[in-house]
Amino acid sequence: MGYGIAVQDSDPVTEARAETAPTPRLRTRTRASRSSGVWLGLGFALIASLAQGVALLVPWGELPGLGAEVGLALAGFGLLQFLIVLALTTFLRTFGQPRLRLLRTQVGVLATMLLVAVVARGLLVAFEPSPLWLPVALAPLWTAVNFDRRAGFVVAVSMALVLASLVGFDSVVLCVLLARGMSATLTFLGRRSASGVLLAGVRAGGTAGLVLVAVYALGGRPLTELLDASRLATAPLLATVGGGLLEGVLAVLLRPAAVRLLGYVSRERLLQLTDLEQPLLQRLAQEAPGTFEHSRAMANLAEQAASAIGADALLTRVGAYYHDLGKTIGSNHFVENLAPGEPSPHDRLSPEQSARRIVRHVVEGTRILREGGIPEPVVEFAYTHHGTQTIEYFLNKHRQQVAATGAPELPEETFRYPGMKPQTKETAILMLVDSIEAASRTIDPPDRLRFRQMVHQVVQTKLEQGQLDECNLSLAELRIIQARMVETLAHMHHHRVKYPWQAERAEQFGVPASAVSRAGPGECTELPAATAAVVPIGRGARQ
């Protein structure tokens, strides 16, 4: 798969090349812009107008040249689609969560809307059902499930306008589609389960049914028309309520395809990636064993923190597993992969050379993951877990050398990571956990107060550096994350109860007697978990 070759100290040629080679360019996700919104609007309008034009001409059995009236109608239709999409992309770019400001995400949202509109137009031509059956809430529900309800609400309004324009903006149809689309997102309670999506569709159908009754009553139309037994298939009330149920069912059935279209990764794929037998994880375990253990410890912490605030815990765990895969290249340049007493390669490198070696793991990790077919939401953890921070140690070391020798000072960018700031709650959690897990190893003796101070200091530093500005984490969520990580660290480093018979066995396995406090009858004492771990459980031992 073109993973590259690890840099080894024993190869002077490779060392020299690594020192002089420029850091590869890191390709991150592209943010949407005003110009991209214009181009997306033009593309959406063109395809929608083409579908509408074909639908208008098919009933006559031929495709004649467009007349003046039809041409004018299509021009107006296309202009309307362009304005709807332009307004939607402007909202997403300005007020949407960070992931919705990415060009790839906006393309996915518009693609789902366009597919629904084209299929709906085809069904109207082929089967002539009531337009109240149109699945207006599909794209909004998928948006609400994968992003947030506020974005889903705006997509619902846009989708209702698009579908209503297919049937000439009938006032009743527009009211029903607006009511069903908006209520589907408003009554979606944030549960990502199939039942939560299905119930949102049912609630949307019921709400739209009430709106339909109100519109008929307001317009003085007979309510008997709502459920005409002679034309049950096209009865307005049945189509309105049944359309909501249909939307819920279709949203569940088509969700895997929609997830891929929106740039997300399915739960099934994430579960596959958690298998430690995955080739990339096996490579990490073999070539950078210290990093592998660090990543596993991070996965537990990050999953707990993500679960505490309702973020995607499984995605966060997978991101923790794979985020440091770039350290398989030149693994001995990272302290966790050095054997006890092994000299560090950085001892003979200049600060800028050391910084270049360190930042390369972000770029190379991103490349390896993409070449290995890892989904982009997981790859994103690789190039955001350091954000745009500087490598403070080597930057300060360089400045000390400059002060001592008078050599020219290099720009700060030389010591800066080439990634991007976290764009999601999940990637922000991993950034915090990466620092917290490493710092927790220096807390001795481990206790809750020291962990609390350390966690607070790490979070405060990231805030002051602006690394959490684009991830959509609230202060309330940060407090929850800090509390959960303190609890998790305290339990990870807890003390274990030591009984007298265990103390005797500990001495047999090389634990000094001075480290073991013997307890009297009916008493027990506590030893650090690391000490207790060497004591085997004997036969008949109570656990």
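The model shown is predicted, which means the values in this text are computed figures rather than measured ones.

Chemist: I would appreciate a short explanation of the overall build of the protein in the present structure.
Modeler: A tally of regular secondary structure across the protein gives 22 helices and two strands. A total of 543 residues make up the protein; the buried ones form 48% of that total. When contacts within the protein are restricted to residue pairs at least 6 apart in sequence, long-range pairs at least 24 apart make up 76% of them. Of the accessible surface of the protein, which amounts to about 25,900 Å², a share of 60% is contributed by carbon and sulfur atoms.

Chemist: Looking at this structure, I do not really get helix 6 (residues 149–166). What am I missing?
Modeler: Along an α-helix, a turn takes 3.6 residues, which lines up residues three or four apart on a common side. In this model, helix 6 (18 residues) spans 26 Å end to end at C-alpha, consistent with the 26 Å of a helix rising 1.5 Å per residue. Counting buried residues in helix 6 gives 13 out of 18 residues, a clear majority hidden from the surface. Capping the start of helix 6, Asp-148 holds a side-chain oxygen 3.3 Å from the backbone nitrogen of Arg-150, two or three residues further along. Just past helix 6, the residue Gly-168 takes up positive phi, approximately 75°.

Chemist: Any chance you could explain a nonpolar patch on the surface here in plain terms?
Modeler: Residues Leu-198, Val-202, Leu-245, Val-249, Leu-253 and Leu-254 make up a contiguous nonpolar surface patch of about 490 Å² in total accessible area. Going through the elements one at a time, helix 8 (194–218) and helix 9 (236–253) are the ones with two or more residues in the nonpolar patch. Residue contributions to the nonpolar patch peak at three residues, all from helix 9. Checked against the element boundaries, Leu-254 lands in the loop between helix 9 and helix 10 (255–261).

Chemist: How should the confidence of the model for the protein be read in this particular structure?
Modeler: One rule of thumb: low pLDDT means the predicted coordinates there are not for detailed reading. On average, the protein scores 84 in pLDDT, and the residues at 70 or more come to 83%. Looking over the protein, one finds the lowest element-wise mean pLDDT in helix 22 (residues 529–532), namely 38, and the highest in helix 14 (residues 313–322), namely 96. Note on residues 60–66: pLDDT is under 50 here. Beyond four places in sequence and across chains, it has five contacts.

Chemist: How should I be thinking about helix 7 (residues 171–186) in this particular structure?
Modeler: Counted at 1.5 Å a residue, the expected span for helix 7 with its 16 residues is 22 Å, and the 22 Å between its end C-alpha atoms agrees. Listing the buried residues of helix 7 in full gives Val-172, Val-173, Leu-174, Val-176, Leu-177, Ala-179, Arg-180, Gly-181, Ser-183, Ala-184 and Thr-185. Contact partners of the buried residues in helix 7: helix 5 (138–146), helix 6, helix 8 and helix 9.

Chemist: What is the right way to look at the environment of Arg-357 in this model?
Modeler: Here Arg-357 shows up in helix 15 (residues 351–371). Overall, the relative accessible area of 7% leaves Arg-357 in the buried class. It is 9.3 Å that separates the C-alpha atoms of Arg-357 and Phe-334, two residues lying 23 residues apart in sequence.

Chemist: How should I be thinking about the packing of helix 15 against helix 16 (residues 376–384) in this particular structure?
Modeler: Relative to each other, helix 15 and helix 16 sit at 165°, their axes nearing to 8 Å. By the angle between their axes, helix 15 is roughly antiparallel relative to helix 16. In this structure, helix 15 crosses over helix 16, and the sense of that crossing is right-handed. Contact with helix 15, carried on its side by Val-362, Gly-365, Thr-366, Leu-369 and Arg-370, involves Glu-376, Val-379, Ala-382 and Tyr-383 of helix 16 and no other residues of that element.

The rules behind each value
- Residues numbered from 1 in each chain as written.
- Predicted model: local features only at pLDDT ≥ 70, side-chain atom pairs only at ≥ 80, totals over all residues.
- Heavy atoms only, no water.
- Helix = DSSP H or I, 4+ residues; strand = E, 2+ residues; numbered from the N terminus.
- Buried < 20%, exposed > 50% of the residue type's maximum accessible area, 1.4 Å probe, protein only.
- Contact = heavy atoms within 4.5 Å.
- Areas by Shrake-Rupley, 256 points an atom, 1.4 Å probe, with all protein chains shown as cover.
- Expected span 1.5 Å × (residues − 1).
- Polar contact = N/O pair within 3.5 Å; in protein donor to acceptor, adjacent residues only side chain to side chain.
- Patch = residues over 30% accessible without salt bridge, like charges linked within 9 Å, V, L, I, M, F, W, Y side chains within 5 Å.
- Salt bridge = Lys/Arg side-chain N within 4 Å of Asp/Glu carboxyl O.
- pLDDT = per-residue confidence, 0-100.
- Axes fitted to C-alpha atoms, helices over the stretch in contact; angles between N-to-C directions.
- Parallel < 35°, antiparallel > 145°, perpendicular 65-115°, else oblique.
- Left-handed = near helix turned anticlockwise from the far one by under 90°.

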